[in-house]
Structure formats: structure tokens, C-alpha cells
Amino acid sequence: MKKEQVVNCQFSVWYPLFKKHTIKSLILPIPQNVIEYLLDDGTLVVSCSENNTQHTEANHSDSDEDDIQWTDDETTTTVTAPEFPEFSIKVQEAINVLGGRVFPKLNWSAPRDANWIALNSSLQCQSLSDIFLLFKSSDFITHDLTQPFLHCSDDSPDPTINYELVLRKWSELIPGGEFRCFVKENKLTAICQRDYTQHYHHIAKQEASISSSILEFFKDHIQYKFPDEDFVLDVYRDSMGRVWLIDFNPFGEITDSLLFTWEELTSGNNLAANQTQGESALQDRPAFRCTTSEVTVQPSPCLSYRIPRDFLDLSTGEDAYKLIDFLKLKRGQQEEEESEEEGARPQL
Ligand SMILES: Nc1ncnc2c1ncn2[C@@H]1O[C@H](COP(=O)(O)OP(=O)(O)OP(=O)(O)O)[C@@H](O)[C@H]1O
Ligand SMILES: [Mg+2]
């Protein structure tokens, strides 16, 4: 994957070209101080104009005395939410233009790994503070900000990126209507159900019509119009059978290959085997994969972002060194407890 391919998948590069075929959206440049705030790990205080100062527990002077023995004037901590009045106004205006409810993204990614933290457990936002909460909690957003060119094979200096807040009109997309399409050398070679963790009865049943409507959409509106010849395209097929563009992604490891492997997608091996045998007229048809009822339904891939990475590694035994450290810690604690117990025993 080349850096240029990543650059071409930025929302502001493709949106003007395909506006007619996707969800209405607005793009706002993000000021440098907002980027710094998003990258700052120190505090998760979320800026909002009505209530821009929050106090830590230490500030609650009416709390029970027992709880706050350590609270006096010297130790009182006040965390002030930064304010971005101009940016805040622009964002609110854009949200209003888009109907009051938006789906937020940065240049490439949405904070899909952080929806559990939002009050509504969704990526639907109505204000800048909703957006900040999601963005500050998301590793995907941090990735966009800190290492967008990870996995790129060229040694050239990183292109300059102008960070942008993308606000998309909120749309109730049914997961069973979403598909990821892999395009190599301007040819649509593979289509996959986007949410592969679930079995959707209608997908396997309607495979032929889904596949041909996506192929038609691709030929009519996308092929040769995107600045690269290799890319990954996400689409939505609505209940009327109409296909919409959702997103473009780089053709490479950084993009989830879902039920295919990157080896299959780059080499083309195995793709033909999925197609109806012996029908030469169908040779042009992309390979199609969906989760069938025989495949066990799998947990959501984003679940692992809800707990600290260390817990996950320990529970799966993924990182042996972490496990050794953890066992040493446990042993240390045990020894400490034992010696405390001995000290507490009456001396006869
Ligand atoms: N405008 C919208 N309103 C509501 N939900 C949306 C909207 N746009 C996208 N979604 C949902 O959010 C999901 C992720 O969106 P999108 O593909 O833009 O994010 P992404 O970060 O690029 O994901 P990926 O890393 O998989 O490429 C979509 O599959 C869809 O279910
Ligand atoms: Mg994407």
C-alpha cells in the first residue's frame, strides 16, 4: 500500500467526486488547538459552552467529611474544559444544517471503538461535546491523528495532512444492508457482508441480485472515477434495492478484509472458486461471501476496545511476559499478606 492510496481515501478527496451517491455531509477544518486537545491524554473533560468548568470530586465541599479528609484549599483540583468558541459555533451550525443528528468522522475513521462510552451507546451526536467524548475515547481516531501511514510500503516523507471533522447526516442503516467491495485494477473482484458477525437470512437468499445491483452501481458510478485503481468501497443497499456509497478505504492490511484474506484479495487465488462453476458468462462476477448459518455467530470485533488491552492479553494468554509479571505481582502481594498476618499474630 502506498501513501498516496491513503491520501486518496480521505473523505474530503472523494466526497466532492461522489456527492450524489452518498449521505449528505459537511467537512470542517480542525484548528490546531482542537487537535492538541484531542491528543491530550491528561483529561477527559469535555468542552461545552453552557458548562465549561467541571470540578473533580475533591471540590465538593458539601460531601461527607469522612470521604474528603484530603480535601483542603491546597489540594483542591479544578479541571477546566478548554473552550473553542468559534469552532463550536461552526460545528453546531453544521449539525443543524444536517438535521440536528450527525455521524462524526475524521479524515478516514469514525470512532467505532468508542460507541459504548456514549450515553446512547451509539455514534449519533447532537453537539460538539458528544463528538469530543467519542473522539477522545477512540483508538481509531488516535490512529488517524498519529500514524495514518502505518503499513505503507514507500519510504517517501509523509504527505502533509490537514485534519478535518466530517459530519454526516445521521441515517438509520440496517447492518444487513451493508457490504464491503474490493476493487483491484479497477475491477470489482470481491464483495463481502460488512457485519460478518451475524447471519442474515436474506443475504444468502438474495446473493445474485445483491451482487448484480452492486456491480451495476460500481460500473455506472465508481469505476475509473476514483483516483486509484486499487481500493475498497463500502456500500449500502437500501430496502428498495438502491445502492449508496458509504466510504472508500485503502486496498491493504489497514482495511479489514472481513471474510476474505488479504492474500486472496491481492493474488486473486480462491476468488474464482466461489463463483458458480462452469458458467462463462458469469466470469466477470465478483466473488461473494456472507456468514452462513453453519458458521457460529461471532462476537463484535470492537468488543476488545472496551477493556484495557492488558486485561485482554492476560485473559487470552496472548502476551506471556505480561502473564509472568502479573503472577510475580500476585506472589509479591501474597508474601506481603503472609508477613502481615505473622506480624499480627499474638506473640506467646
Ligand atoms: N451517516 C451515518 N449515519 C448512521 N450510521 C452511519 C453513517 N455512516 C456510517 N454509519 C455506520 O457506521 C459504520 C462505520 O462507518 P464508516 O465506514 O464511515 O467508518 P470507518 O471508520 O471508515 O470504518 P472502517 O474502519 O471499517 O472503514 C458503517 O458501517 C455504518 O454502519
Ligand atoms: Mg472506512
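Quick notes on the rules
Residues numbered from 1 in each chain as written. Chains lettered and ligands numbered in written order. Predicted model: local features only at pLDDT ≥ 70, side-chain atom pairs only at ≥ 80, totals over all residues. Heavy atoms only, no water. Donors = N, O, S within 2.8 Å, 3.2 Å for Na, K, Ca; no water. Buried < 20%, exposed > 50% of the residue type's maximum accessible area, 1.4 Å probe, protein only. Phe/Tyr/Trp six-rings, centres within 6.5 Å; stacked < 30°, edge-to-face > 60°. Pairing = 2+ DSSP bridges. Helix = DSSP H or I, 4+ residues; strand = E, 2+ residues; numbered from the N terminus. Axes fitted to C-alpha atoms, helices over the stretch in contact; angles between N-to-C directions. Contact = heavy atoms within 4.5 Å. Patch = residues over 30% accessible without salt bridge, like charges linked within 9 Å, V, L, I, M, F, W, Y side chains within 5 Å. Areas by Shrake-Rupley, 256 points an atom, 1.4 Å probe, with all protein chains shown as cover. Salt bridge = Lys/Arg side-chain N within 4 Å of Asp/Glu carboxyl O. Lys, Arg positive; Asp, Glu negative; His and termini not counted. Charge placed at Lys NZ, Arg CZ, Asp CG, Glu CD. Near = heavy atom within 4 Å. Polar contact = N/O pair within 3.5 Å; in protein donor to acceptor, adjacent residues only side chain to side chain. Nonpolar A, V, L, I, M, F, W, Y, C, P; charged D, E, K, R; others polar. Domains from an automatic or database assignment.

### Considerations on the coordination of the magnesium ion (ligand 2)
Around a metal, the idealised angle for a tetrahedral arrangement of four donor atoms is 109.5 degrees; for an octahedral arrangement of six donor atoms it is 90 or 180 degrees.
Next up, step 1: Those donors, Asp 247 (OD) and Asn 249 (OD1), are the protein atoms that reach the magnesium ion (ligand 2), and they lie 1.9 to 2.1 Å from it.
Next up, step 2: For Asp 247, a relative accessible area of 8% translates into the label buried.
Next up, step 3: For Asn 249, a relative accessible area of 10% corresponds to the buried category.

### Remarks on the packing of aromatic side chains
Next up, step 1: Under the defined criterion, the tally for this structure stands at 17 aromatic pairs.
Next up, step 2: Residues Trp 14 and Tyr 15 carry aromatic rings whose centres are separated by 6.4 Å and whose planes lie at 70 degrees to one another, so their mutual orientation is edge-to-face. When sorted by exposure, Trp 14 lands in the same class as Tyr 15, which is buried.
Next up, step 3: Here the aromatic rings of Phe 179 and Phe 288 are separated by 6.2 Å at their centres, their planes lie at 45 degrees, and the arrangement is tilted.

### With respect to the sheet that holds strand β5 (residues 164-169)
Next up, step 1: The sheet built from 3 strands is open, its strands ordered β1-β5-β4 with antiparallel pairing. Each having just a single partner strand, β1 (25-29) and β4 (102-105) make up the two edges of the open sheet. Taken over all neighbouring pairs, the strand axes of this sheet differ in orientation by 20 degrees on average, direction set aside.
Next up, step 2: Of the strands in this sheet, β1, β4 and β5 are in contact with helix α4 (residues 85-97), which crosses β1 at around 175 degrees.
Next up, step 3: Along the sheet, helix α5 (residues 128-136) makes contact with β4 and β5, crossing β4 at roughly 40 degrees.

### So, a positive patch on the surface
Next up, step 1: Residues Lys 19, Lys 24, Arg 101 and Lys 169 make up a contiguous surface patch of positive charge.
Next up, step 2: Note that Lys 19 resides in the loop between α2 (11-18) and β1.

### What to know about the pairing of strand β9 (residues 243-249)
Next up, step 1: Of all 7 residues in β9, 6 are buried, a share of seventy percent or more.
Next up, step 2: Pairing analysis gives 6 bridges linking strand β8 (residues 231-237) to β9, with the strands arranged antiparallel. Across the sheet, Leu 233 pairs through a bridge with Phe 248, a residue of β9.
Next up, step 3: Counting the residues in the hairpin turn of β8 and β9 gives 5 residues, including Gly 241, whose phi is positive at 90 degrees.

### Points about the site of ligand 1
Next up, step 1: Of all residues adjacent to ligand 1, which total 18 residues, the nearest are Ala 110, Glu 178, Arg 194, Asp 247 and Asn 249.
Next up, step 2: A distance of 3.2 Å separates an oxygen atom of ligand 1 from a polar atom in the side chain of Arg 112.
Next up, step 3: In the environment of ligand 1, an oxygen atom lies 2.4 Å from a nitrogen or oxygen atom belonging to the side chain of Glu 178.
Next up, step 4: Out of a free accessible area of 620 Å², ligand 1 has 87% covered by protein chains.
Next up, step 5: Breaking the shell around ligand 1 down by element, the ones donating at least two residues are β4, β5, β6 (178-184) and β9.
Next up, step 6: Among the residues forming the shell around ligand 1, the class breakdown is 6 nonpolar, 3 polar and 9 charged.
Next up, step 7: Looking at the shell around ligand 1, you find at least three residues from each of domain 1 (24-67 + 79-169) and domain 2 (175-299).

### Some thoughts on the pattern of salt bridges
Next up, step 1: Taken as a whole and judged by the stated rule, the model has 8 salt bridges.
Next up, step 2: Lys 184 serves as the salt-bridge partner of Glu 185, at 3.5 Å between the closest nitrogen and oxygen.
Next up, step 3: Taking relative accessible area as the criterion, Lys 184 reaches 21% and is therefore assigned partly exposed.
Next up, step 4: Three or more residues are tied together by salt bridges with common partners; here these are Glu 178, Arg 180, Arg 194 and Asp 234.

### With respect to the sheet that holds strand β10 (residues 287-289)
Next up, step 1: Here 5 strands make up an open sheet; going across it, the order is β9-β8-β6-β7-β10 and the pairing mixed. Lying at the two open borders of the sheet, with one neighbouring strand each, are β9 and β10. Looking at each pair of strands side by side, their axes are set apart by 25 degrees on average, direction ignored.

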